[in-house]
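A structural walkthrough
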Protein chains: 6
Amino acid sequence: MRDRVFLAELPWPEAEKRIAAGAPVFLPLGSTEQHGHHMAMNVDVVIPTAIAETVARQVGGLVAPTIAYGNRSQPRTGGGPAFPGTINITAHTFSLIVKDVICDLYRQKVRRIVVLNGHYENIGPSIEGIELALDAIGRERATDLTILRIDHWEMVRAQTLARVFPDGYPGIELEHASVIETSMMLALRPELVDLGKALHDGPAQFNPYDRYPRPADEVPPSGVLSLTEGSSAEKGRWLLDDCETRIAEIVKREFFRGA
Amino acid sequence: MRDRVFLAELPWPEAEKRIAAGAPVFLPLGSTEQHGHHMAMNVDVVIPTAIAETVARQVGGLVAPTIAYGNRSQPRTGGGPAFPGTINITAHTFSLIVKDVICDLYRQKVRRIVVLNGHYENIGPSIEGIELALDAIGRERATDLTILRIDHWEMVRAQTLARVFPDGYPGIELEHASVIETSMMLALRPELVDLGKALHDGPAQFNPYDRYPRPADEVPPSGVLSLTEGSSAEKGRWLLDDCETRIAEIVKREFFRGA
Amino acid sequence: MRDRVFLAELPWPEAEKRIAAGAPVFLPLGSTEQHGHHMAMNVDVVIPTAIAETVARQVGGLVAPTIAYGNRSQPRTGGGPAFPGTINITAHTFSLIVKDVICDLYRQKVRRIVVLNGHYENIGPSIEGIELALDAIGRERATDLTILRIDHWEMVRAQTLARVFPDGYPGIELEHASVIETSMMLALRPELVDLGKALHDGPAQFNPYDRYPRPADEVPPSGVLSLTEGSSAEKGRWLLDDCETRIAEIVKREFFRGA
Amino acid sequence: MRDRVFLAELPWPEAEKRIAAGAPVFLPLGSTEQHGHHMAMNVDVVIPTAIAETVARQVGGLVAPTIAYGNRSQPRTGGGPAFPGTINITAHTFSLIVKDVICDLYRQKVRRIVVLNGHYENIGPSIEGIELALDAIGRERATDLTILRIDHWEMVRAQTLARVFPDGYPGIELEHASVIETSMMLALRPELVDLGKALHDGPAQFNPYDRYPRPADEVPPSGVLSLTEGSSAEKGRWLLDDCETRIAEIVKREFFRGA
Amino acid sequence: MRDRVFLAELPWPEAEKRIAAGAPVFLPLGSTEQHGHHMAMNVDVVIPTAIAETVARQVGGLVAPTIAYGNRSQPRTGGGPAFPGTINITAHTFSLIVKDVICDLYRQKVRRIVVLNGHYENIGPSIEGIELALDAIGRERATDLTILRIDHWEMVRAQTLARVFPDGYPGIELEHASVIETSMMLALRPELVDLGKALHDGPAQFNPYDRYPRPADEVPPSGVLSLTEGSSAEKGRWLLDDCETRIAEIVKREFFRGA
Amino acid sequence: MRDRVFLAELPWPEAEKRIAAGAPVFLPLGSTEQHGHHMAMNVDVVIPTAIAETVARQVGGLVAPTIAYGNRSQPRTGGGPAFPGTINITAHTFSLIVKDVICDLYRQKVRRIVVLNGHYENIGPSIEGIELALDAIGRERATDLTILRIDHWEMVRAQTLARVFPDGYPGIELEHASVIETSMMLALRPELVDLGKALHDGPAQFNPYDRYPRPADEVPPSGVLSLTEGSSAEKGRWLLDDCETRIAEIVKREFFRGA
């Protein structure tokens, strides 16, 4: 039990002890969203959960249950609602979940929280959820509470991107279900990836605006915004290493003034 | 991939195919809640998820991601907010999640949904969430949509309870973190149970009313409302068998007019 | 005016005086819900209001206006929405009413509140309403506020049930519009009961799960879940006596440390 | 039972029959609000309920339970929150109640609704509640639904005001807890009025704007905005006669094309 | 820049300086609503914004951006939703905007706020918005915050009305898009008024109650509730002078104890 | 009046005529947000309003009132709440405004809407508002409604950026209150810019994550994220020309199948 970091896998007295010892609590935010013909739809759950687990082990932290339903997937950043299997929840509901969980963690004396996001469209509603929690707790009461909000893809170093994309990085905008996510999934859950099924109908050519109702042919039929060619477990490891190392550094610096 | 039933572990074209074939979708509702000194806090997640998985395999169904945060735990039915580690969300937020997920499943042409609940305090808000979804979809439009809402503990047969409790069944009210849940966890995730840690300070003697603020000594210090003595993986299997068999029967009868 | 206990029947200076003297305020929660062919639909209003009135007289309390619209009636516990005349409100609205009333009572310096519930489906939303009020007031500010939440049927003693049901108590689940409620109404408002109109098409045989849309024949056509035979005003008095005595005891003990 | 018009005093089959016969349903909106030293706080409940009862008898209608908690009382139109006993609920909650009740009446096939308001501050939120209900039902579906919204004080004829105030009508603005309401209460519930207790510290001299926080001395200490002198049960009858006659005419014309 | 009073036209350091110096902030509330054949639909924006600008100059204040979308226009007080061009927002949304803006002004240390309303149907929701803001800030924390809420038409003196209407004042009820508003617009934005286009089909004869759906012929086809004859820029100036003088006096007295 | 395009500056019959003729309605979304020492805080209002006006003239459109309060400004994209003068509203409120306005435009038979956004943090809540409107209208009813959502900075061509930044484009992330916005303001409202007041303390070096509470020194004291050097009205004209030309093309193609 000593080496467990998933909060929900502990009995409560152990949770209490670790929280009293100052354990940071990681809250991974994911989604259930199409990620091409070649991957499962839990990519945005698997990646931040795995990163949180690794970092939590390094810093004496705990990982709260991952929120598996994300804010509305958009065509330009994930394929959008046209793909069966993607389950969207509204921004307001998503923000309320984040708010409620943070408020209850605070009530239990957790004072160090890392919101670790794995789904692009969660950025805004996770900020809103944190703000709503601070409003509800009272900003002048919450002076001993520190929250970090991290989108894992911001943690990758430029030199790693250069190694992953020897022919040039196509940019984060088109990186949905493409080399970065595919490689990370190959490193973490290879049984959920079948590269042979990948269609190469991208890269997507989006209009630089949104149209409702959505044009029928906006997203490539595969759901892959860019390419999967060149994905490998090894590259996934490089990317995950960056995320884990960087987040561990941030957590130590922000919470423990260490390095 | 053929034998996968977790929706989020499928690529979207496989999800689409199964939904088109009429697959019922199971939505397990759990919680992160104290379950005594001897068990992890994910009991209400593990049990309905496992039951859903087994039944989904039998009936060609899919299992959507389990909602891991439950509506406010109450002292008389789960220990309440006094126990660290329990993470409560409000009834309104919980109902909105259920509503949003059902609405989006409907939009994707899912027409057979089983809401399978594992946490007592979710009963009301899960009913509300379903009703809100029906309001939003439009009851006159939703005539081809059938939703079943099942609390798994209602599926256990009287004769099984008699076998599990040869000295008499103490009643569902006190069955929190006690023989039934402990036995099911021993059958499903024995590594998350440590019977040696169980405290025998129950059974709880609750006042038949709620008091706010909560009296300090309302719940037994252990968080176990009744007893864990006599728990076993074998009994857990009996109980799970009942749930699985019964739910499979109900699903077949209600959705496929079979038996 | 001295002997009036209904808050709304007092002029404000009298209300102010009593609140300043520490009067507990009772907030009865009811519903407008079918209760069979033989009874009016205000059963869940009449009973808790009458109990609150009696107890308030004994303990120097006040009775706030009863909330006459209850949370969504469910088939298994009241017949559900299929019966004309039943007026359902949503859980969220119901909780907000309870919240708003408690917040405003607190603002007026009421510090002892008894939420007395007469409708099964109000249990969850009344808990939520109280919690929302405590969140809004601020739990650390509200230390001088005590709220009791009582479902009146929990107040009946086992020996009284044995007297009322000499052939055995069928259980609270089926007690909707049946002997207990009918007897209490015969004691309180006999003109609203016509036993000759009672249909004996029960007891209801419910499935142990909810199905949406509701099966047409789920509830007995009468709306009576169990039986009305054997109902009498005398039995109603026994039951009411239990409620009144027990609640008065609880109120004295919790609020005045008396007995 | 034949002559009962309060919906909640009927068994459901009788309610169903009357609704099927086209009975208009009256929904009285009240408040629990200070009305001076000389009157109970249920004035805004008693008056519209009594008028609804009388008119319902004349037109074959039904009276739904009165909403007894009104939207926030304001100093310039009722004394405001400074008076103990006044229980305010928020505009949003009030609108949701009205919305929910109308939606559920509609679901039960009620197609003629009279929202009869007795509290000034309910005007806006009752309009909003009706609009929200029409939005929820769907305006294009609701073509067979007619709702009338009436503030009872608009029903009094000029000649009646002239008789009630032989020295000139001070205007509706200051008529809170004054001659009109006092006279109507004397006619309806004389035991809830004690003219000897009336303080003559008015009429109020309000600033023509609102200030928050409220100035301490804004409302006369009595809570009476104008005068009670000259109130009588006879005058109350004249006023009630106007309301009853006029509303019956309107209902017949609008719903039955009669006169 | 020194003479600018519109908050949004200042760079932030200048805003900070003025707020630190105690500048009252005016928040004008308007609407986009039909005002007859002869006037633009921004009347309720133009008038309170212009008054706020003038007064702000006199008292060292700032004018925050005017809210240009008002709460649902009603037939009896503005023509209602039947007129194309009128854009209605719900009471709840309107209140939330007012709440959010006030909360954020408070966070920025603004302690003197004047909510200046130009649209009849905003009265209730602006009160609610202020109350919600005070609830959110915490009434016991907000003791240094003073908010004035002013409907500009309440500022006109009786003698000015007598001059404007030498043949008698028809009353504020019918003053929508009529002499008062038309004259003020002639004084402020004459290019948005074309008196030759005014139809004289009024005055409106409203029923003293609301009917849903709205009767087709309730409002005069022109949208003018009363008359425009006799409107002039000169009268508009008289009316604006009253508003500006009176509000400046109130602001000085309430905020600066001057006169 | 013929050449007016601001909806609120028209009388309603003119608005009705243009809507009947198929006029697209532009809804500009802005904010009141710090934009450095050298510029007014209405930059995000001025720019999209001006672009909308120009394009509306070209395509026979109308411009609805600009929403002047934007969703919470964030440090990394606008300086955040630390700067006095910035007025933030919550994501939920912002989405509700957008929803309400679109719903009401739809009710008035507007079928072509362009949501033109000028504030980065409005992206998510404007998408949500549009989605909520489509949910409320009913997606199957709204088939004749087309909505375009455009962030104006996406309209600038690469070659224009190359001309504006001869030494290389620093990227949109740091473009808050910098050369692009400053140049556009110089072209549109030069009196609201004072380049001499610009501080050159940037470019900002942000952490790639969010921290709550915000670190004191996160944003450069000036509030300028990048540089203002090299800003000119001429460059602003180039940028605006791109936006206007491109949006006019999009509108013609999407709404009128022209080019």
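See the structure printed just above.
Read on for an overview of the structure. (Residues numbered from 1 in each chain as written. Chains lettered and ligands numbered in written order. Predicted model: local features only at pLDDT ≥ 70, side-chain atom pairs only at ≥ 80, totals over all residues. Heavy atoms only, no water.)

1. Examining the overall build of chain A
In terms of regular secondary structure, chain A is built from 8 helices and 7 strands. Its C-alpha radius of gyration of 19 Å places chain A within 12% of the 18 Å reference for a compact globule of 259 residues. If you line up chain A on its principal axes, its C-alpha atoms span 50 × 40 × 30 Å. Evaluated residue by residue, chain A yields a buried proportion of 67% over its 259 residues. Intrachain contacts of chain A at a sequence separation of at least 6 include 77% that bridge at least 24 residues. (Helix = DSSP H or I, 4+ residues; strand = E, 2+ residues; numbered from the N terminus. Rg over C-alpha atoms; globule rule 2.2 N^0.38 Å. Buried < 20%, exposed > 50% of the residue type's maximum accessible area, 1.4 Å probe, protein only. Contact = heavy atoms within 4.5 Å.)

2. A word on the packing of helix H3 (residues 91–107) of chain E against helix H4 (residues 123–137) of chain E
If you want to describe how two helices pack, look at the angle between their axes and the distance between the axes. Residue and element names in this part refer to chain E. One can describe the packing of H3 onto H4 by two numbers: an axis separation of 7 Å at closest approach and a directional angle of 45°. Here H3 lies oblique to H4, going by the angle between them. You can see that H3 and H4 cross each other, and the crossing is right-handed. Contacts between H3 and H4 involve Ala 91, Phe 94, Ser 95, Val 98, Lys 99, Ile 102, Cys 103 and Tyr 106 on the former and, on the latter, Pro 125, Ser 126, Glu 128, Gly 129, Ile 130, Leu 132, Ala 133, Ala 136 and Ile 137. In terms of residue class, the contact of H3 with H4 is built from 12 nonpolar, 3 polar and 2 charged. (Axes fitted to C-alpha atoms, helices over the stretch in contact; angles between N-to-C directions. Parallel < 35°, antiparallel > 145°, perpendicular 65-115°, else oblique. Left-handed = near helix turned anticlockwise from the far one by under 90°. Nonpolar A, V, L, I, M, F, W, Y, C, P; charged D, E, K, R; others polar.)

3. Some words on the environment of D:His35
All names here are of chain D. Turning to its location among the elements, His 35 is positioned in the loop between strand E1 (25–29) and helix H2 (43–59). Residue His 35 is classed as buried on the basis of its relative accessible area, which comes to 0%. Between the alpha carbons of His 35 and Gly 223 there is a distance of 6.4 Å; along the sequence they are 188 residues apart. Side-chain polar atoms of His 35 contact the backbone oxygen of Glu 33, separated by 2.8 Å. Polar contacts involving the side chain of His 35 include one to the side chain of Asp 44, which spans 3.2 Å. (Polar contact = N/O pair within 3.5 Å; in protein donor to acceptor, adjacent residues only side chain to side chain.)

4. Focus: the sheet that holds E1(D)
Across the sheet, 5 strands lie side by side as E2(D)-E1(D)-E5(D)-E6(D)-E7(E); this open sheet has mixed pairing. Every interior strand has two partners, whereas the edge strands, strand E2 (62–63) of chain D together with strand E7 (210–212) of chain E, have only one. Taken together, the 2 bridges between E1(D) and E2(D) define a ladder with parallel strand orientation. Its bridge partner being in E2(D), D:Val25 is matched across the sheet by D:Leu62. Of the strands in this sheet, E1, E2 and strand E5 (112–117) of chain D are in contact with H2(D), which crosses E1(D) at around 170°. (Pairing = 2+ DSSP bridges.)

5. A few points about the interface of chain B and chain A
The interface of chain B with chain A comprises 47 residues on the first partner and 47 residues on the second. Summed over both sides, the interface of chain B with chain A buries roughly 4000 Å², with 63% coming from carbon and sulfur. Summed over the three residues of chain B that lose the most area to chain A, namely B:Trp12, B:Tyr69 and B:Pro84, the buried surface amounts to 18% of that side. Summed over the shared surface of chain B and chain A, the number is 2 salt bridges. Linking B:Arg189 and A:Glu9 is a salt bridge whose minimum nitrogen-to-oxygen distance equals 3.3 Å. In this assembly, chain B and chain A are joined by 24 residue pairs in polar contact (both at pLDDT 80 or more). Among the elements of the structure, helix H1 (12–20), strand E4 (88–89) and helix H4 (91–107) of chain B are those that each provide at least two residues to the side of chain B that touches chain A. Per element, the largest residue contribution to the side of chain B that touches chain A is 8 residues, and it comes from H4(B). (Buried area = accessible area lost by both parts, 1.4 Å probe. Salt bridge = Lys/Arg side-chain N within 4 Å of Asp/Glu carboxyl O.)

6. What about the pairing of strand E6 (residues 146–151) of chain B?
Residue and element names in this part refer to chain B. Here E6 lies mainly inside the structure; 6 of its 6 residues are buried. By the alternation rule, side chains of E6 split into Thr 146, Leu 148 and Ile 150 and Ile 147, Arg 149 and Asp 151, which are all buried. Where strand E5 (residues 112–117) and E6 come together, 6 bridges link them in parallel fashion. Looking across to E6, one finds that Asn 117 is bridged to Asp 151. At this point the chain moves from E5, through helix H5 (residues 123–137), to the parallel E6, and the crossover so formed is right-handed. (Right-handed = clockwise from strand over helix to strand, strands pointing away.)

7. A look at the relation of the copies chain F and chain E
Expressed as a screw transformation, the operator carrying chain F onto chain E has a rotation angle of 180° and an axial translation of 0.0 Å, and the superposed copies differ by an RMSD of 0.0 Å. On the angle and the small slide along the axis, the relation comes out as a two-fold axis. Using C-alpha coordinates, one finds that chain F approaches the rotation axis most closely at F:Thr93, a distance of 3.3 Å. Mapped onto chain E, 100% of the interface residues of chain F again fall at the interface, so both copies present the same surface. (Least-squares fit on C-alpha atoms with pLDDT ≥ 70 in both.)

8. Examining the relation of the copies chain B and chain A
Take chain B, turn it by 180°, move it 0.0 Å along the axis, and it overlays chain A with an RMSD of 0.0 Å. Interface residue correspondence from chain B to chain A reaches 100%, placing this contact among same-surface, isologous pairings.

9. A closer look at the arrangement of the chains
Regarding chain A and chain D, which are not in contact, the minimum distance between any of their C-alpha atoms is 18 Å. One finds no contact linking chain B with chain E; the least C-alpha distance across the pair is 18 Å.

10. Remarks on the sheet that holds strand E5 (residues 112–117) of chain A
Ordered by their spatial adjacency, 5 strands build an open sheet running E2(A)-E1(A)-E5(A)-E6(A)-E7(F), and the pairing between neighbours is mixed. Where the open sheet ends on each side, the last strands, each with one partner, are strand E2 (62–63) of chain A together with strand E7 (210–212) of chain F. Helix H5 (residues 123–137) of chain A contacts strand E1 (25–29), E5 and strand E6 (146–151) of chain A together with E7 of chain F of the sheet and is inclined by roughly 175° relative to E6(A).

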